[in-house]
Amino acid sequence: MEKNSKNVMAAVTLGMSLAASSVFGGVPKPEDADNFYKSEKVMVQEVTFLNQYKMNVTGNLMIPRNKAADVKYPAIIVGHPMGAVKEQSANLYATKMAERGFITLSVDLTFWGGSEGLPRNAVSPDLYAETFSAAADYLRSLPQVDKERVGVIGICGSGSFAISAAKIDPRLKAVATISMYDMGTANRSGLGNAVTLEQRKKIIAEAALQRDVEYAGGETKYTSGSVHEITENSHPIEVEFYGFYRTERGEFTPEGATPETTTHPTLTSNVKFMNFYPFEDMDVISPRPMLFIAGEKAHSREFSEQAYKKAAEPKELYLVPDAGHVDLYDRVNIIPFNKLEQFFTEALKK
């Protein structure tokens, strides 16, 4: 159980595919993986705006090049996986949806990437959710955006943050989640409830004692995230995330970060997820529509299914055949962009 718990917690911010034509770091790369996709049909502008707490949030605003000057467009905010940055998966989704006629904004969560917040890699579920509301503030101020037609896509951990935001921000008119992780349950109980209460208490105690160390000037300690090497004994989920975060497929180190710290939240703040319950009171989102997209074979599928059960109508659970968790980060041939276009076109119609 101890080993299983360790593997689960190592995977908390993270997922896999073995269909490949090339290999990076010993892990096969799917032929259709295209995390760093660019499009000539889309104009990209780096933007910075303030959240409610006067902290700068950085994002990439993407506008279709064929946009009519006198038309207001629907907009979609895109949040990256937990531990990642907008350059990992979020930009891809934002670009693809901009190609389909939406103005999009991929954002770095507070404490990550180009967004402000100290210490770096800190966990704050409230401020993560605030990032989506701050993005709505910004988009609704733009003359080319129809401020009553703003939706959100949350990938992996950002799925739970987007739901948390939508519960208290009715300006977010539609929510779609991709390979969602409930970061609260994942940290409290692990996948499949593999983490016991005693193990949880041990993690909490370790984080509390580490606060004493860091208050006295000691070195910051990090936790979970993607492993930096794999062996024949590595858990399949560790291999899955390694194949994205630690290879050319999806590896990206933001300015001011190091490969050793990327994807890893601080230990002392990560326990704040223990108090995070994004799926409670989800009925307040209704009648705004929700779409939960997960891979049929994803280790994280349970979270999308749990959210679907707790959500009020209108709602839909959409399973991508044969897909794993990380497959939906960047595999452009199986990510259901047509489904997302259909969902947001209907949900954000005038």
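Residues numbered from 1 in each chain as written. Predicted model: local features only at pLDDT ≥ 70, side-chain atom pairs only at ≥ 80, totals over all residues. Heavy atoms only, no water.

**Q** Any details on the overall build of the protein? Residues and values, ideally.
**A** Tallying secondary structure elements over the protein gives 11 helices and 10 strands in all. Computed over the C-alpha atoms, the radius of gyration of the protein is 19 Å, within 12% of the 20 Å expected from 2.2 N^0.38 for a compact globule of 350 residues. Each of the three principal axes of the protein carries a C-alpha extent, and together these read 60 × 45 × 40 Å. Sorting the 350 residues of the protein into buried and exposed places 59% on the buried side. In the form shown here, the protein has an accessible surface area of approximately 14700 Å², with 50% of it arising from carbon and sulfur atoms. Between the averaged position of the 38 positive side-chain charges in the protein and that of its 44 negative side-chain charges there is a distance of 5 Å. (Helix = DSSP H or I, 4+ residues; strand = E, 2+ residues; numbered from the N terminus. Rg over C-alpha atoms; globule rule 2.2 N^0.38 Å. Buried < 20%, exposed > 50% of the residue type's maximum accessible area, 1.4 Å probe, protein only. Areas by Shrake-Rupley, 256 points an atom, 1.4 Å probe, with all protein chains shown as cover. Lys, Arg positive; Asp, Glu negative; His and termini not counted. Charge placed at Lys NZ, Arg CZ, Asp CG, Glu CD.)

**Q** Can you explain the pairing of strand 6 (residues 103-107)? Please cite residues and give values.
**A** Here strand 6 lies mainly inside the structure; five of its five residues are buried. Side chains of strand 6 alternate between two faces, with Ile-103, Leu-105 and Val-107 and Thr-104 and Ser-106 buried alike. Two strands pair when backbone bridges link them, and strand 4 (residues 56-64) and strand 6 are joined in this way by four bridges, in the antiparallel orientation. Across the sheet, the residue bridging to Leu-61 is Leu-105, located in strand 6. In this sheet, strand 6 lies alongside strand 5 (residues 73-79) in parallel orientation, the contact comprising five bridges. Its bridge partner being in strand 6, Ile-76 is matched across the sheet by Thr-104. As for the winding sense of the linkage, the β-α-β connection from strand 5 through helix 2 (residues 90-99) to strand 6 is right-handed. (Pairing = 2+ DSSP bridges. Right-handed = clockwise from strand over helix to strand, strands pointing away.)

**Q** Report on the side chain of Thr-185, specifying residues and quantitative values.
**A** With respect to the secondary-structure elements, Thr-185 resides in helix 5 (residues 183-188). Those residues in contact with Thr-185, other than ones at most four positions away along the chain, are Gly-190 and Phe-303. (Contact = heavy atoms within 4.5 Å.)

**Q** Let's hear about the sheet that holds strand 10 (residues 315-320): which residues, and what values?
**A** An order of 3-4-6-5-7-8-9-10 is seen for the eight strands of this open sheet, with the pairing classed as mixed. The sheet terminates laterally at strand 3 (42-50) and strand 10, the two strands that pair on one side only. Averaged over neighbouring strand pairs, the angle between their axes works out to 20° when direction is ignored. In terms of strand pairing, strand 7 (residues 145-155) meets strand 8 (residues 172-178) through six bridges, oriented parallel. Looking at the pairing, Val-152 lines up with Val-175 of strand 8. Helix 11 (residues 337-347) contacts strand 5, strand 7, strand 8, strand 9 (290-295) and strand 10 of the sheet and is inclined by roughly 165° relative to strand 8. (Axes fitted to C-alpha atoms, helices over the stretch in contact; angles between N-to-C directions.)

**Q** Break down the confidence of the model for the protein for me, citing the residues and quoting the values.
**A** Parts of the prediction with low pLDDT should not have their coordinates interpreted in detail. Overall, the prediction assigns the protein a mean pLDDT of 93, with 93% of residues at 70 or greater. Confidence drops under pLDDT 50 across residues 1-21; counting only partners more than four residues distant or on other chains, this segment forms 73 contacts. (pLDDT = per-residue confidence, 0-100.)

**Q** Residue-level account of the side chain of Glu-87, with values.
**A** By the secondary structure assignment, Glu-87 is in the loop between strand 5 and helix 2. Of note is the side chain of Glu-87, whose polar atom sits 3.4 Å from the side chain of Lys-86. Residues within four places of Glu-87 in sequence aside, it is in contact with Asn-35, Phe-36, Asp-108 and Phe-252. (Polar contact = N/O pair within 3.5 Å; in protein donor to acceptor, adjacent residues only side chain to side chain.)

**Q** Outline the pairing of strand 5, supporting the account with residue identities and numerical values.
**A** Looking along a regular strand, one sees the side chains alternate between the two faces of the sheet. Burial of strand 5 is extensive: seven of the seven residues sit out of reach of the surface. Here strand 5 pairs with strand 7 via six bridges, running parallel. For Ile-77, the partnering residue across the bridge sits in strand 7 and is Val-152.

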